[in-house]
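Residues per chain, in single letters:
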Amino acid sequence: MHKVIFDTDPGIDDAMALLFLHQHPEIDLIGITTVFGNASVETTTRNALFLKREWNITAPVARGDGKAFDPMRNPVDWPVMIHGHDGLGNIDVPQTIDLPVDPRPAHRFIIDTVRENPGEVTLIAVGRMSNLAFALKEDPQIAALVKQVIIMGGAFDVPGNITPAAEANIHGDPEAADVVMTAPWNVTVVGLDVTMKTVMTRTLLDEIVRKGGARAKLLSDISQLYIDFYGRHVKDGMVVHDSCACIYLVAPELFTTRSGAIRVVAGGIADGQTIQKPDGRAFPPGNWDELPSQHACIGIDADAVLALLAETLARPA
Ligand SMILES: [Ca+2]
């Protein structure tokens, strides 16, 4: 079993990824930590609690601080066009959910849980990297105790989605992302190079609902606004960014990766750009030297990923 802490900003594609983690038989979801991004941290935390309640998820929810790693970073506007005013596709999520939140801030929950399970925890982060960076800042030793880190974010050989240079999760907190990429732990970055190729069609989503029942129906209801938005980029479907990161955990053979140190640009017109120095390429001494070699996903078997995703989402409750 893979023990997973899911760091997330639900968020529509986050909701799909959460249901995948919950329903996959080889994944033990042991914590959900929330971060701002698709909406404020108040909203993403409320949404995590809502999904926990609707889908009977036992994992505790710990709330992030709702601020970027660098306090000088200006807050960004929430992408209500994509994720809705409630962050879950305008389905009228209740204002409050009567479930407790873990008393610890998200980064402290991560530290404690990793220390209680040394060498066993995979961190899957599909929002801004703020919580992971704060955890490393408070307790750098956890880097050696985490099994692996899988991130949805970044764009290496393709354009960004919030600027030509940057992907939104990284762009929202570049300083945090650079801390996470350069820490001495094993990071795999699942970015736009592969996620933009992974489109769940309405037809496939309808099929999942037919087989999967009430849980899948809620997911489908949440996803309609997002599918409408993505109509301008892809044909009749939704890009399943965050689920790709979760699928990498159980089926890494469906991805092609490139190893090498990764840095994140902070400031200037390329703010939030992810840049890898591929292993084996020689350059004069520079800012990528002496850093851990991380893994950037540059290829994906999208059909197989979608098949595994659909099969898992449609599992009976
Ligand atoms: Ca997300």
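Source: prediction; values computed, not measured.

Q: Tell me about the overall build of the chain, residues and numbers included.
A: Looking only at helices and strands, the chain features 12 helices and 11 strands. Across its three principal axes, the chain shows a C-alpha extent of roughly 55 × 45 × 40 Å. Counting over 317 residues, the chain shows a buried share of 59%. Sequence-distant contacts in the chain: of pairs separated by 6 or more residues, those separated by 24 or more amount to 81%. Total accessible area on the chain stands at roughly 12800 Å², and carbon and sulfur atoms take up 52% of it.

Q: How would you explain the coordination of the calcium ion if you had to name every residue and give the values?
A: Reference geometry at the metal: tetrahedral coordination by four donors gives ideal angles of 109.5 degrees; octahedral coordination by six donors gives 90 or 180 degrees. The protein atoms donating to the calcium ion are Asp9 (OD), Asp14 (OD), Asp14 (OD), Val126 (O) and Asp242 (OD), with metal-donor distances spanning 2.3 to 2.6 Å. Spacing between the donor residues of the calcium ion along their common chain follows D-x4-D-x111-V-x115-D. Of the two residues, Asp14 is situated in helix 1 (residues 12–23) and Asp242 in helix 11 (residues 241–250); the sequence distance between them amounts to 228 residues. When sorted by exposure, Asp14 lands in the same class as Asp242, which is buried.

Q: Explain helix 4 (residues 106–116) to me, and be specific about the residues and the numbers.
A: Along helix 4, 8 of the 11 residues are buried, which leaves the element largely enclosed by surrounding structure. Every buried residue belonging to helix 4 is among Ala106, His107, Phe109, Ile110, Ile111, Asp112, Thr113 and Val114, and all of these are buried. On the buried face of helix 4, the contacting elements are strand 1 (2–8), strand 2 (27–34), strand 3 (61–62), strand 4 (121–125), helix 5 (130–138) and strand 5 (146–152).

Q: Tell me what's going on with the packing of aromatic side chains, and back it up with residues and numbers.
A: All chains considered together, the criterion is met by 5 aromatic pairs. Between Phe36 and Trp78 the ring centres are 6.4 Å apart and the planes differ by 70 degrees, which places this aromatic pair in the edge-to-face class. Of the two residues, Phe36 sits in the loop between strand 2 and helix 2 (41–54) while Trp78 sits in the loop between strand 3 and helix 3 (80–83), which places them 42 residues apart along the sequence. Residue classification places Phe36 among the buried positions, given a relative accessible area of 8%. You can call Trp78 partly exposed: its relative accessible area is 35%. Considering the side-chain rings of Tyr226 and Tyr230, the 4.9 Å spacing of their centres and the 50 degrees angle between planes classify their relative orientation as tilted. A residue pair is termed a helical-turn pair when its members lie 3 or 4 positions apart in one helix, as Tyr226 and Tyr230 do in helix 10 (residues 214–230) at 4 residues. Its relative accessible area of 1% is what places Tyr226 among the buried residues. By relative accessible area, Tyr230 is classed as buried at 7%. Each residue in the set Tyr226, Phe229 and Tyr230 is aromatic and connected to the rest through ring pairs, giving one cluster. In this arrangement the basic side chain of Lys67 is found over the ring face of Phe134, its NZ or CZ atom lying 5.5 Å from the centre.

Q: Run through the sheet that holds strand 1, naming residues and quoting values.
A: Strand order in this open sheet of 9 strands is 3-2-1-4-5-6-11-9-10, and the pairing throughout is mixed. With partners counted over all chains shown, the strands left at the sheet margins are strand 3 and strand 10 (274–278), one partner each. Here 5 bridges tie strand 4 to strand 5, and the two strands are oriented parallel to one another. The partner of Val121 across the bridge, within strand 5, is Val146. The sheet contacts of helix 1 involve strand 1, strand 2 and strand 4, and relative to strand 1 the element is tilted by about 165 degrees. Strand contacts of helix 4: strand 1, strand 2, strand 3, strand 4 and strand 5, with the helix running at about 150 degrees to strand 2, the strand carrying the most contacts.

Q: Go over the environment of Ile142, please, and point to the residues and values.
A: Examined against the element boundaries, Ile142 turns out to sit in the loop between helix 5 and strand 5. Taking the relative accessible area as the measure of exposure, Ile142 reaches 0% and is therefore buried. Sequence-wise, Ile142 and Ile110 are 32 residues apart; in three dimensions their C-alpha atoms are separated by 9.1 Å. Beyond its immediate stretch of four places on either side in the chain, Ile142 contacts Ile111, Val114, Arg115, Ala135, Leu136 and Trp185.

Here is what the cut-offs are and how they apply
- Residues numbered from 1 in each chain as written.
- Predicted model: local features only at pLDDT ≥ 70, side-chain atom pairs only at ≥ 80, totals over all residues.
- Heavy atoms only, no water.
- Helix = DSSP H or I, 4+ residues; strand = E, 2+ residues; numbered from the N terminus.
- Buried < 20%, exposed > 50% of the residue type's maximum accessible area, 1.4 Å probe, protein only.
- Contact = heavy atoms within 4.5 Å.
- Areas by Shrake-Rupley, 256 points an atom, 1.4 Å probe, with all protein chains shown as cover.
- Donors = N, O, S within 2.8 Å, 3.2 Å for Na, K, Ca; no water.
- Phe/Tyr/Trp six-rings, centres within 6.5 Å; stacked < 30°, edge-to-face > 60°.
- Lys NZ or Arg CZ within 6 Å of the ring centre and 35° of its normal.
- Pairing = 2+ DSSP bridges.
- Axes fitted to C-alpha atoms, helices over the stretch in contact; angles between N-to-C directions.

Keep in mind these numbers describe shape, not what the thing actually does.
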